[in-house]
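Chain by chain, the residues:
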Amino acid sequence: MLGFGAERLRADMNRLLALLFHQGVLDEQFLQLQQLQDESSPNFVSEVVNIYFHESEKLLRNLRGLLLDREFSDYNKMGIHLNQFMGSSSSIGAKRVRNVCVAFRAASEQSNRPGCLRALELLEYEYCYLKNKLHELFQIEQQRILAAAVRYPPVQNHLNNP
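In every chain, residue numbers begin from 1 and rise along the written sequence. For this predicted model, a pLDDT threshold of at least 70 governs which residues receive local features, and a threshold of 80 or more governs which side-chain atom pairs are given and counted, while totals over whole chains, interfaces and linings are taken from all residues. Working from all heavy atoms in the structure, the side-chain values ignore hydrogens and water.

**Concerning the overall build of the protein chain**
- Counting its secondary structure elements, the protein chain contains 6 helices and 0 strands.
- Secondary structure elements follow DSSP: runs of H or I no shorter than four residues count as helices, runs of E no shorter than two count as strands, and numbering proceeds from the N terminus. Along the protein chain, helices and strands appear, N-terminal first, in the series α-α-α-α-α-α.
- Looking at the 162 residues of the protein chain, the share that counts as buried comes to 36%.
- Taking the intrachain contacts of the protein chain between residues at least 6 apart in sequence as the baseline, contacts between residues at least 24 apart amount to 70%.
- For every accessible area listed, the method is Shrake-Rupley and the probe measures 1.4 Å; residues are considered covered only by the protein chains on display. Here the protein chain has roughly 10000 Å² of accessible surface; of this, 54% comes from carbon and sulfur atoms. To sort residues, take the accessible area from a 1.4 Å probe on protein chains only and compare it with the maximum for the residue type: under 20% means buried, over 50% means exposed, and anything in between is partly exposed. The contact definition used throughout considers only heavy atoms, calling two residues in contact when any of these lie within 4.5 Å.

**Examining the packing of helix α2 (residues 28–35) against helix α4 (residues 75–92)**
- Running from N to C, α2 and α4 cross one another at 60°; their axes reach a closest spacing of 6 Å. On α4, the residues that touch Gln 29, Phe 30 and Leu 33 of α2 are Ser 90, Ser 91 and Ile 92. Only the stretch in contact is used when a helix axis is fitted, and all axes are lines through C-alpha atoms; the angle between N-to-C directions ranges over 0 to 180 degrees.

**A short note on the pattern of salt bridges**
- Should a side-chain nitrogen of Lys or Arg be within 4 Å of a carboxyl oxygen of Asp or Glu, the pair is scored as a salt bridge. Overall, the coordinates contain 8 salt bridges when judged by the stated rule.
- The residue Arg 8 makes a salt bridge to Asp 12 at a minimum N-O spacing of 3.3 Å. Here Asp 12 and Arg 8 lie together in helix α1 (residues 5–22), a separation of 4 residues that amounts to about one turn.
- Of the charged contacts, one joins Glu 57 and Lys 131 as a salt bridge, the two residues approaching to 2.9 Å between their closest N and O atoms. Of this pair, Glu 57 sits in helix α3 (residues 44–68) while Lys 131 is found in helix α6 (residues 113–149), placing the two residues 74 residues apart along the sequence.
- Residue Lys 131 is classed as partly exposed on the basis of its relative accessible area of 23%.

**A short note on the environment of Ala 149**
- Position of Ala 149 relative to the elements: it lies in helix α6.
- For Ala 149, a relative accessible area of 57% gives the class exposed.

**Observations concerning unusual backbone geometry**
- In the Ramachandran plot, Ser 111 falls in the positive-phi region, its phi being about 50° despite a non-glycine side chain.
- Here Ser 111 shows up in the loop between α5 (95–109) and α6.

**Regarding the nonpolar core**
- Counting residues in hydrophobic clusters, the biggest one holds 44 residues, and the most contacted among them are Met 78, Phe 85, Phe 104 and Leu 134.
- Going through the elements one at a time, α1, α2, α3, α4, α5 and α6 are the ones with two or more residues in this core.
- The dominant element in this core, judged by the number of residues it contributes, is α6, at 12 residues.
- Setting aside residues no more than four positions away along its own chain, Leu 134 makes contact with Leu 20, Leu 26, Phe 30, Val 49 and Phe 53. Nonpolar cores were defined as sets of buried Ala, Val, Leu, Ile, Met, Phe, Trp, Tyr and Cys residues, with membership established by side-chain atoms within 4.5 Å.

**Considering the packing of aromatic side chains**
- Pairing of aromatic rings covers Phe, Tyr and Trp, the last counted by its six-membered ring, and requires centre-to-centre distances within 6.5 Å; plane angles under 30 degrees mean stacked, over 60 mean edge-to-face, and any other angle means tilted. Applying the stated criterion across every chain yields a total of 5 aromatic pairs.
- Each ring, one from Phe 53 and one from Tyr 127, has its centre 5.9 Å from the other, and the planes form 85°; the classification is edge-to-face. One end of the pair, Phe 53, is in helix α3; the other, Tyr 127, is in helix α6, and 74 residues separate them in sequence.
- Using a relative accessible area of 2% as the deciding quantity, one classes Tyr 127 as buried.
- By way of ring pairs, the aromatic residues Tyr 52, Phe 53, Phe 85 and Tyr 127 are connected into one cluster.
- To sit over a ring, a charge needs its Lys NZ or Arg CZ within 6 Å of the ring centre and within 35 degrees of the ring normal. Its guanidinium or amino end placed over the ring of Phe 53, Lys 131 lies 5.7 Å from that ring's centre, counting from NZ or CZ.

**Digging into the side chain of Arg 144**
- Mapping Arg 144 onto the fold places it in helix α6.
- Discounting chain neighbours no more than four positions away, the residues touching Arg 144 are Ala 6, Leu 9, Arg 10 and Met 13.

**Some details on α6**
- Under the convention used throughout, the expected extent of a helix is 1.5 Å for every residue step, that is, one less than its residue count. Taking 1.5 Å of rise per residue, the 37 residues of α6 would be expected to cover 54 Å, and the 53 Å separating its terminal C-alpha atoms lies within 8% of that figure.
- If you check the start of α6, you find a side-chain oxygen 2.8 Å away from the backbone N of Gly 115, and it comes from Asn 112. We call two N or O atoms a polar contact when they sit within 3.5 Å, provided that within protein one can donate a hydrogen and the other can accept it, with sequence-adjacent residues counted only if both atoms are side-chain atoms.

No statement about biological role is implied by the geometric values presented.
Right, here's the structure in full:
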């Protein structure tokens, strides 16, 4: 008999995923990423997403650094960072982050510094929201895996055994 909590945790994961899709945080690319995960690579999605988080932190630092430089004028360099961020966000299905990157890039193409600062603030917010929710999802998944591995001995009917 499988652990009692595994099915409840699976339902919790499905509810959280449904919420993230409903809110537009994730898109179908995330589901495609999940389909690549199997027994031979049980942590595939979390590993890919953690690489995304690591690279995204660097891109956010670079974007903030560029915008905080009072003499900044190289909007092309900003566009390169934004294209990287957009591409990696698309590859994991981070729909809202990607959409903010699109708006941010439009502001940078117009050399609109105030628009870029607002977009950076929104990008940081959406990125943090995504990161927190995906960490929550991965924690539930790990709990589910542990719960599914727990096996309980079958209950014996003591009345039939002398």
